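# Breakdown of the fold
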Amino acid sequence: MVVFAKAALALLACVLCCYAPTPSSAAAADFLRCLSASVPSQLVFTPGSPSFTSVLASSVRNPRFLTLGTVRPLCVVAAANASHVQAAVLCGRRHGVRLRVRSGGHDYEGLSYRSVRPEEFAVVDLAGLRDVRVDRAAAAAWVGSGATVGELYYAVAAADPQLAFPAGVCPIIGVGGHFSGGGIGMMMRKHGLSVDNVLDATLVDASGRMLDRKAMGEDLFWAIRGGGGGSFGVVLSWKVRLVRVPPRVTAFTIQKTVAQGAIDAVTKWQTLAPALPEELTIRVIIQNQQARFQSLYLGTCDQLLPVMSSRFPELGMSRADCREMSWLQSALYINTGSTGQPLEALLNRTTSLSTFTKNKSDYVKQAITRESWQKIFPWFNGPSAGLIILEPHGGQVSRIADGDTPYPHRSSVLYNIQHIAFWSGDGTAATTWINGFYSFMGQFVTKDPRAAYVNYRDLDIGQNAVVGGVTSYDSGRVWGEKYFGAANLKRLAITKGKTDPGDYFRNEQSVPPLVPNK
């Protein structure tokens, strides 16, 4: 990751400080006074605070949401313990100030720290709640929502190198947001999604109560494991089941151009990858009209080579492609493509604010034909073209029923697609590219609804409307059924209606409350 340049920070400070809001209502001022009675002043950063700029920007991963037009919070509460979160909720409820909750700030639409529409709100930043406590004997761990995936990986491996946890590729993702949406990763075919391995959680609800799994009940525990962040309360920590990994795993990266057979390889990959042994995950990154096949195998090169030569000879994999290493080393290698970095790089929480991004997602249930891939690849030619990442399902992630967690994209899914556009400066060409490509891909992916992954949030697919002081269920269905499916969305909304009927925890894509007719 790139550390902020001093000049960029100075410019950012100028922009934020010049445009940071001040309390504009008596309610907002009362909220801040209420906070001061329960939260130490050094943990509450208002626009007048010298550190407001750096604290607000500390977890921002996309500078699209650090522009002059971005609606910013009244303050950032850097919670150091559960009582600070409870105080923020109680003060917010009492004085009509809503909260947005940030764990890692990686969310693609920035809803954890900004509002699309004018609104007075505060941010509760959980970065201080990042302890990881590993129980080797029980093969379990408690992890704070403010920890990053990289910090979780590092702590688990430090306790036992043959223990691991199935989660995402990017180490700076906050655990709280990642788990709340499902948690796709390189071991999901063997061990399921992150949420399939969550055993317990602690949560502060809309009444300010701190609840564990037993106290919150199974409906709410079901909802927070994949129902998206920002809807049901503030999850402070998660108890997770750890998984066993061998002492050595094997990774490889093989790149193919169109001339080298990239189209044929991707065409075959679609049905092969979900059916391979569960210990083997091969994802594909398509960029610059090339396909990069990136793999993790929970075993040795000697074990992997016969599988690849018999099942996927099109890649032409050889022993020279193998990178044998510990599982923790593989987590860093798959993210960076390098074997030379120290493992402590997984603990780095900083990132660059020089690149703007826009993301979308899809799911594929029927393999795309070779002829169609011949039409898709030319989209990745030119300076404004982005990339796509194809991640295979199958194995354990597909054996779990669609309704067992809010994440419904299970048995019938071959793979999901993440669309990414990136730019610096004027983003017109890049956003035109991703919008055009997403529209073009509609003919090849799921329909009615066109499914999407909630952790790749995309406000283009729909936003909530507030009617009578609460989010309209009809408006929530527009985007919600794409993320969760109709049955899961309804169950989420009923749970929301029971636990937060006043819709206190609300954002542009929060689950609407639904109270069934008696």
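Residues numbered from 1 in each chain as written. Predicted model: local features only at pLDDT ≥ 70, side-chain atom pairs only at ≥ 80, totals over all residues. Heavy atoms only, no water.

Per an unreviewed UniProt entry, the protein chain carries the name FAD-binding PCMH-type domain-containing protein and comes from Panicum virgatum. In its Sequence similarities (unreviewed entry) section, UniProt records this for the protein chain: "Belongs to the oxygen-dependent FAD-linked oxidoreductase family." The protein chain has a UniProt comment under Cofactor (unreviewed entry) that states "FAD". (UniProt positions renumbered as here; feature names shortened; annotations may be inferred.)

### What to know about the environment of Arg98
With respect to the secondary-structure elements, Arg98 resides in strand β3 (residues 98–102). Between the C-alpha atoms of Arg98 and Ala88, which are 10 residues apart in sequence, the distance is 9.3 Å. With residues near it in sequence (within four places) discarded, Arg98 still touches Glu119, Glu120, Phe121, Ala122, Gly469, Asp503, Tyr504 and Arg506. Here Asp503 takes part through its backbone oxygen, which lies 2.7 Å from a polar atom of the side chain of Arg98. (Helix = DSSP H or I, 4+ residues; strand = E, 2+ residues; numbered from the N terminus. Contact = heavy atoms within 4.5 Å. Polar contact = N/O pair within 3.5 Å; in protein donor to acceptor, adjacent residues only side chain to side chain.)

### Brief notes about the UniProt feature "domain: FAD-binding PCMH-type" (unreviewed entry) in the protein chain
Residues given the UniProt feature "domain: FAD-binding PCMH-type" (unreviewed entry) here are residues 69–245. Each end of residues 69–245 is marked by a C-alpha atom, and these two atoms are 47 Å apart; helix forms 27% of the span and strand 24%.

### Observations regarding the packing of aromatic side chains
Two aromatic rings are characterised by how far apart their centres lie and by the angle between their planes. Across all of its chains, the model carries 20 aromatic pairs by this definition. Centre to centre, the rings of Phe293 and Phe312 are 5.9 Å apart; their planes meet at 85°, and the pair counts as edge-to-face. Placement of the pair is Phe293 in strand β14 (residues 290–297) and Phe312 in the loop between α11 (301–311) and β15 (323–325), with a sequence separation of 19 residues. With respect to class, Phe293 is no different from Phe312; both count as buried. Three or more aromatic residues joined by ring pairs make a cluster, and in this case those are Trp379, Phe380, Trp433, Phe437, Phe440 and Phe444. Here the basic side chain of Arg100 rests over the ring of Phe121, its NZ or CZ set 5.4 Å away from the ring centre. (Phe/Tyr/Trp six-rings, centres within 6.5 Å; stacked < 30°, edge-to-face > 60°. Buried < 20%, exposed > 50% of the residue type's maximum accessible area, 1.4 Å probe, protein only. Lys NZ or Arg CZ within 6 Å of the ring centre and 35° of its normal.)

### Quick word on the state of the cysteines
Note on terminology: disulfide describes a covalent bond linking the sulfur atoms of two cysteines. Taken as a whole and judged by the stated rule, the model has two disulfides. At a sulfur-sulfur separation of 2.1 Å, the disulfide partner of Cys34 is Cys91. Measuring the twist about the S-S bond at about -75°, one finds the Cys34-Cys91 disulfide to be left-handed. Within this pair, whereas Cys34 is found in helix α2 (residues 26–36), its partner Cys91 is found in helix α4 (residues 82–95), the two being separated by 57 residues in sequence. In this structure, Cys34 and Cys91 share a single accessibility class: buried. Note on cysteine connectivity: Cys301 is disulfide-linked to Cys322, with sulfurs 2.1 Å apart. What sets the handedness of the Cys301 and Cys322 disulfide is the S-S torsion sign, and at about 70° it is right-handed. Of the two residues, Cys301 is situated in helix α11 and Cys322 in the loop between α11 and β15; the sequence distance between them amounts to 21 residues. Here Cys301 matches Cys322 in class, with each residue buried. Cysteine pairing for the protein chain, with bonded cysteines counted in sequence order: 1-2, 3-4. No disulfide involves Cys75; its sulfur sits 9.9 Å from the nearest other cysteine sulfur, which is in Cys91. (Disulfide = S-S within 2.5 Å.)

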